[in-house]
Structure formats: structure tokens, C-alpha cells
Amino acid sequence: MNKESANFETLDPEDWERSKKLMHQMVDDAFDYVANVRERKIWQQMPEEILAGFETSVPKKPSRAEDVYKDLSKQVLPYNMGTIHPRFWPWYMGAGTISGVMGDFWASIMNPNLGGANHAPHKVEEQVINWLKEIMGFPKTASGLLVSGGSMANFTGLAIARNFKSGYDIRKEGLRPDNAGKMVVYASTEIHSCNQKALELLGMGAKSLHKIPVKKDYTIDLEALQIQIKNDKDAGLKPICIIGTSGTVNTGAIDPLNELADICESENLWFHVDGAIGAVALLADNVREQLAGIERADSVALDLHKWLHMPFEAAGVLVKNQEVHKNTFSLIPEYLEKNTRGIASGENWFSEYGLQLSRRFRALKIWMSLKEHGTEKFGRMIARNVEQAKCLGRLVDDSDDLELVAPIGLDIVCFRYNPRGMTMEQLNAINKEIKLQLEEKAIALPGYTTLNGLYCIRVAIANHRCTNEDFDELIAKVLEFGVAIASATRVEQP
Ligand SMILES: *Cc1c(COP(=O)(O)O)cnc(C)c1O
């Protein structure tokens, strides 16, 4: 069949002009969607008829693209997660950017595969990784990879740590009886769960993660760590790695990174930093000092879809020793062999530095965003969130009925309503209810955590759109709902 034949099918639009018009409409709608985000509900429960729309079976016949867009507009757009809204502060997530959108758009249009080969998109990712090295104070000789998120970044770092520190060809032999169950990794009790998952998948088991208690400020207790390492060695175990966290998920605490680096040096351990939250805060004048020592890590995981606001998914892992990194992942069958000329040329392919072969052009949105805004502006956005956290802390301190439940770390504020004279169980229930009402009345989306048994409202302010007035409003509503819920609770009491 030749192309001229009337029924030669492709997946391209049948009518390019009509398709273009639809896309222009989408661009207009999308920009309004972001620009007017504050006017829409931050979150709303999906009604039954909307949910029913997700139960229909797979479409067999074509639909007009215009009709598909109608479905998107009706079923999906109004019921978004809320991350792009200025009052989204629950889990630790970024707020997205238009420059990131432009990058993602062209990434899909060009649709290159970042597994390897000789083309400009490969150069873009190389440059982005070099920029990340500059930001993190890593040497030019370090290696790196863009990955989907902090979980994959930590997994990658820990896989390299395991392979290098096992001391034998673990890729060939797998876990040996004399090593299985013996290799130990240390981190504080505040460590993010993805690190445990990584160790489980690396065959080391959850029990290989020895969690060290934290101090009052939720940073790792160095003395307890050193005692644990000594005890483990005496018991015949093989310590291989310490994970420091720069910005814990509960309270934003930053472990003492220089001290951890010292211990790693003297004990000959791999130093990995889970910097999913805080690493990029090296760009912020009011945080940089607290992160001293991060540049001494053997590997560091950093999220770009958190405090740099790249559209999901965007994260990076940097590794000091490129050879060790490559030795963990490089495997080149004939169909991936490189030439010295042509499209299959080039030294280092990204598929040799991670688990994925086919990889999205996620570097583009980062490349375009960093060019458009520059690191100084990103730094100012981070610094402002840190100031906003302090400001929220002052509002809490100024109210007799509110209290901070943990020291404010970076941009994370944990507080609760406490009108005195109530039990811990009552206060936990009241604060849970306050948080739910804030959500259901679409006032704001804070998060929560439980610290030493105390349920608290946790506000993680990784958001470049929120203002101080948003926090005034948050506090006003917490107090308003708190008074009502507490008095109802008191009436229920005999
Ligand atoms: C969010 C987070 C992770 C996981 O990152 P994802 O991007 O969600 O995969 C890991 N560690 C910490 C400290 C985090 O806050």
C-alpha cells in the first residue's frame, strides 16, 4: 500500500489543521488553569457519576480528539490533586512550573530515547547532570543520572554502595552465604521508607537497616551510631554504608553531614545522602551552611520535583566515583554495542548508569527551567519558604491555643491545636478532625504526622505560589474549627 492511497493509516492526525486548533485551545485553557488556580477548589471529592466514567471498558473504535478533550475537561481537570495550588502543603511535593511544561511538551514531541546514542538530547542530560554537580559541589569527574524520583535515586546510590562495599563480584555471584545477612546500613529512625525498600530489593533484607535513635531535634544521635557500629563489628557483621538525610520527611531535620562523613572515613563506609528534600537548598542563602558536608558524600539523591518544582517525575543521583557507578550497571550486549561513528557512537550511555534502558527526555524540562529562571531565583524561592515556615512558627507561638510539636526544620512546621485541659487522645482526635475539615472545606491541604504519640498538623511549604496571607488564613481556620470541635468534644463528656 502506498502513502497516496486514500486509506493509508497512521496514528497522525487525519486533519492537521483541526488538530492544531484543538491543541491551541488546550494551551489557552492550560495557561488559564494554572494562572487561575487560586480561584478553584484546591481539592474536591469526585461525585459518583464522575467515578462511574472510569469504569467503562477499553475503547475499540476511534473518537474525535475534541470529544476526548471534553472527557478530560469534565472527568479529570476539576478533580486534580492540588499540587499546583498555593495552599498545597501535605506531602513534600513541588508546585510545577510553566517552563517545565514547555520542556515536557517538546520532550514528547521529539520523543528521543535517553538510553544512549549520539544526539543533542543526550548532550542536554549530560549538561543537566554537570549543572547538578556544580550545584552540589561535586567534582567534574563525578557521574550522575536523572531518574524518576528520590526513591529511584536512593535505590541507585544504595545499589552502588552494596556492590562496591561487598568486596567481591556480587553481580556475578549474588549474595554469598558468608555475606547474606551480614552487610549493615545505618540511618536514623527518621529515614524515608524508600531506603528500606531499596535494601529489601537489593537482597539485604529490611533487617540490614540498623535504625539509630534521634536527638530532640530529630537528627541522628552520633554517639548511639558509633556504639552500634562497634557492637555490630564485634558481632561479626559487616557495616557497609551510612545514609544521612538532609531534610527528613517528618520535620525537615538535617543530619550532621560532616560528622557522618568523618565516621564513614574512619570506618571505611560508603556515605550516601538522601537529599530528596534538602539537597537543592544549597541554592538558598539561609540554608547552605546547614548542609555543609553534603559534598563529601559518595553518592547523593536529590529530588527536582520537590523543591525545584519540576513537573513530576524529576530527580537525580550523583556519584563521586564514576567507575564504581558504571561497574554496577553497565552491561552491553551486541544490540547495544557502540560504534566510533554515526548515531550509535559516544562514550557513556545512560543505560550503563542505571536500571532503565529506555528513558524519557526528562532532562529537557530541567534544562529549560534552569536556563529561564537561573539558580539564584530558585534559591530565592527556597529561602522564602524557609522564612514562611518561621513566620508560621511565630503565628503558632503567638496563639495560646496552638503549639509547635517539633523544632521547625527547613520548611516543615509541625503544630497542633491544644486548648489545655484535654487528654492526648482527645487532642489527637480534634486535630485529625481539624485537618479533615480544612481539606473538605477546600481551605488548604496541610499534612499530618505523629511525633511521640502526638498527632500534629504538618505543613510542608515547598510551594513557590504561597504568600504569608495564606498562613494567616490557615491559622484563623485552625483556631475557628478547633474551638467548635473542642466545645463539641467537651459537651460529649459527662
Ligand atoms: C520524597 C522523599 C523520598 C522519595 O522521593 P520520591 O521522589 O517520592 O520517590 C525519599 N526521601 C525523602 C527524605 C523524601 O522526602
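Residues numbered from 1 in each chain as written. Predicted model: local features only at pLDDT ≥ 70, side-chain atom pairs only at ≥ 80, totals over all residues. Heavy atoms only, no water.

## Some thoughts on the side chain of Glu125
Summarising the element assignment, Glu125 is placed in helix H5 (residues 120-136). Taking relative accessible area as the criterion, Glu125 reaches 0% and is therefore assigned buried. Discounting chain neighbours no more than four positions away, the residues touching Glu125 are Leu114, Leu145, Leu146, Phe350, Arg359 and Ala363. (Helix = DSSP H or I, 4+ residues; strand = E, 2+ residues; numbered from the N terminus. Buried < 20%, exposed > 50% of the residue type's maximum accessible area, 1.4 Å probe, protein only. Contact = heavy atoms within 4.5 Å.)

## Looking at the domain arrangement of the protein
How big an interface is tends to be stated in terms of accessible area lost as the parts join. Looking at the protein, the domain boundaries give domain 1 (100-373) and domain 2 (377-492). Taken over C-alpha atoms, the centre of domain 1 sits 32 Å from the centre of domain 2. If you look at the interface, domain 1 gives 26 residues, while domain 2 gives 24 residues. Approximately 1900 Å² of surface area, both sides summed, lies buried where domain 1 meets domain 2, with 68% of it carried by carbon and sulfur atoms. On inspection of domain 1 and its partner domain 2, the count reaches zero salt bridges. The interface formed by domain 1 and domain 2 holds eight residue pairs in polar contact (both at pLDDT 80 or more) in total. Tallied by class, the residues present in the side of domain 1 that touches domain 2 amount to 14 nonpolar, ten polar and two charged. (Domains from an automatic or database assignment. Buried area = accessible area lost by both parts, 1.4 Å probe. Salt bridge = Lys/Arg side-chain N within 4 Å of Asp/Glu carboxyl O. Polar contact = N/O pair within 3.5 Å; in protein donor to acceptor, adjacent residues only side chain to side chain. Nonpolar A, V, L, I, M, F, W, Y, C, P; charged D, E, K, R; others polar.)

## Focus on the sheet that holds strand S1 (residues 88-89)
Pairing within the open sheet is mixed, and its five strands lie in the order S1-S11-S12-S10-S9. Whereas interior strands pair on both sides, the edge strands pair on one side only; in this sheet they are S1 and strand S9 (402-404). Relative to strand S12 (residues 454-460), strand S11 (residues 445-451) is paired through five bridges, and the arrangement is antiparallel. Paired with Leu451 across the strands is Leu454, a residue of S12. Together, strand S10 (412-417), S11 and S12 form the strand contacts of helix H13 (residues 424-440), whose direction differs from that of S12 by roughly 30°. In the packing of helix H14 (residues 468-492) onto the sheet, contacts are made with S1, S9, S10 and S12, and the angle to S10 comes to roughly 25°. (Pairing = 2+ DSSP bridges. Axes fitted to C-alpha atoms, helices over the stretch in contact; angles between N-to-C directions.)

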